[in-house]
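Architecture at a glance
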Amino acid sequence: MSRTIRIECLRYHPETDAAPRFQTYAVPFSDDMSVLQGLQYIKDYLDGSLTFRWSCRMAICGSCGQMVNGVPALGCETFLRDYYPGTVRVEPLNHFPIVRDLAIDQTDFLAKLESVKPWIINEKDSPSEKTHVQTPGQMEEYYQYSKCINCLLCYAACPQYGLNSAFTGPAALALLHRYNADSRDEGKSERMQVVNAEDGVWGCTLVGYCSEVCPKDVDPARAVNQNKINSARDYFLRFLRK
Amino acid sequence: MRAYQRPMAGWWRRNPYYLRYMLREASCVFITAYAFVLLAGLWRLAQGKAPFERWLEGLAHPLPIAFHAAAALLVLYHAWTWFKVMPKTLPRVPVPDAAIVAAGLAASAVLSAAMLWAML
Amino acid sequence: MGDALKRSNKPIFWSLFGAGGMLSALIGPMLIFVTGIALPLGLVHLSYEQAAAFSAHVPGKLAILAVISLFLFHGLHRMYHSVHDFGIHVGAGLKALFHGVAFAGTLAAGALLLML
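Since the model is a prediction, treat every value here as computed from it, not as a measurement. (Residues numbered from 1 in each chain as written. Chains lettered and ligands numbered in written order. Predicted model: local features only at pLDDT ≥ 70, side-chain atom pairs only at ≥ 80, totals over all residues.)

**Structural notes on the interface of chain A and chain C**
Contact residues are listed per partner, giving 16 residues for chain A and 13 residues for chain C. Considering each element in turn, the side of chain A that touches chain C owes the most residues, five residues, to helix 9 (residues 220-241) of chain A. In terms of residue class, the side of chain A that touches chain C is built from nine nonpolar, four polar and three charged. (Contact = placed C-beta atoms within 7 Å. Helix = DSSP H or I, 4+ residues; strand = E, 2+ residues; numbered from the N terminus. Nonpolar A, V, L, I, M, F, W, Y, C, P; charged D, E, K, R; others polar.)

Below, the structure written as structure tokens:
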């Protein structure tokens, strides 16, 4: 005998809706079902028009980010049993424009990502001639920041991004730090302009919710705030370099 | 194709984490006001014995006492959250986060006790 | 993208904010309790002569100046950000006002301490 849980989804079809509305579905569920599986049940059996992103089902692709009862979460690792008998309210990630139903417009994040040059910048050593060598200690310096899956939960958590979308934001700054901290990278000076800008690290007021919601323990709050020191050092010591 | 932008108004009321953040930020109003209280005391001190003693007597009323009680509590919350978050603001050190937090809180406790002892 | 990537002057105000935050975290609660509750209620005593003696020598003056100035820079910087958090647009004017008040308070404290 299976139990039924109510899943309330935000609906928005721009061709017919002026504003979002909510629609509730009764979904039979078992203890092992995730919120994502709940959405898939709705799409497969109840309402094929429900739109949402997903892919790997195992918290590595970063596609299925949603607001679940007001908290940013990955649908694939959030479980219906933890909300029963209450209603599960699913909304698109906060602070992003809604394209359709539960799908958000990621364009701004992709631009932010590109702006931090998220690749190894190294003119001297070409991997085709000589492999990079790195000690375990050197990898420790950046490893946690490399675990980012670009799921955007941190942007949904960050009120500063919500108030000002020009803010570079947690994940982009964490990835900036990931490359600056990598011993193989020589591009720190190229990335400083983004760091030092008003909407760079200085847009952060250390709310810290980004690190709370990150499914990969990247700790973007740490990446951003360590770079406040780097930015301040750069600011005060720049005249010594010239 | 119209993407819908949701309003931010009242964002901080929608999540207990945000409420705690706003409480932490609210401490700054009391810290600023307290600094002005000290500045006023300094001014009265510069004016002489009678004005300074009158200023001290002025502090012994319900409203100033209530203000200082609220200020002490909120600044205590500021101190707590400050040290809890301190590991994230420091460069990489071979010390666990919990040790940094404990050291900060301990330093605060020791200095506070020393200050109280000096006044007794 | 030119103007958006202009170097921010935040480091100046952030450093002052940080110093004030650390100082107020270390001694703020007890200082407020002592001067605002213990002293008025007679649990501790501070005579005019003691206060004047403390502020007569340079270390005392520096301590008082540090507390007033750094508490102001910390509090007003955070207040400036809080206004933004409430959704109110903060421009160069409000920024100058908030930090200007902190600066004015610092000058006032300095002037008074020079007189003592």
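**So, the nonpolar core**
Leu152, Leu153, Cys154 and Leu175 of chain A are the most contacted members of the largest nonpolar core, which has 69 residues in total. Among the elements that take part in this core, helix 6 (residues 170-180) of chain A stands out by supplying seven residues, more than any other. If you count residues domain by domain, this core takes at least three from each of domain 1 (3-104) and domain 2 (107-241) of chain A. With near-sequence residues (within four places) excluded, leucine 153 of chain A lies in contact with Gly65, Pro72, Ala73, Val213, Cys214 and Pro215 of chain A. Val37 of chain B together with Ala51, Leu76 and Phe98 of chain C belong to the second-largest nonpolar core, a separate cluster that totals 47 residues. (Core = buried A, V, L, I, M, F, W, Y, C linked by C-beta atoms within 7 Å. Buried ≥ 20, exposed ≤ 12 C-beta atoms within 10 Å, placed from the backbone. Domains from an automatic or database assignment.)

**Considering the interface of chain C and chain B**
Between chain C and chain B, the contact holds 41 residues from the first and 41 residues from the second. Secondary-structure elements contributing two or more residues to the side of chain C that touches chain B are helix 1 (10-38), helix 2 (48-54), helix 3 (58-85) and helix 4 (92-115) of chain C. Here the side of chain C that touches chain B gets 14 residues from one element, more than from any other, and that element is helix 1 of chain C. Taken together, the residues of the side of chain C that touches chain B break down into 29 nonpolar, 10 polar and two charged.

**A look at helix 3 (residues 62-89) of chain B**
Helix length check: helix 3 of chain B (28 residues) gives 39 Å between terminal C-alpha atoms against 40 Å at 1.5 Å per residue, within 8%. Its axis deflected by about 30 degrees at phenylalanine 83 of chain B, helix 3 of chain B carries its strongest bend there, up to four residues before the proline proline 87 of chain B. Every buried residue of helix 3 of chain B is accounted for by His68, Ala71, Ala72, Leu74, Val75, His78, Ala79, Trp82 and Phe83 of chain B. Looking at the buried positions of helix 3 of chain B, the neighbouring elements they touch are helix 1 (16-47) and helix 4 (97-119) of chain B together with helix 1 of chain C. (Expected span 1.5 Å × (residues − 1). Bend = angle between axes of the 7 residues up to and from the residue.)

**Remarks on the environment of aspartate 234 of chain A**
Residues and elements named next belong to chain A. Relative to the helices and strands, aspartate 234 resides in helix 9. When the 18 C-beta atoms within 10 Å are taken as the criterion, aspartate 234 is described as partly exposed. Those residues in contact with aspartate 234, other than ones at most four positions away along the chain, are Met192 and Asn196.

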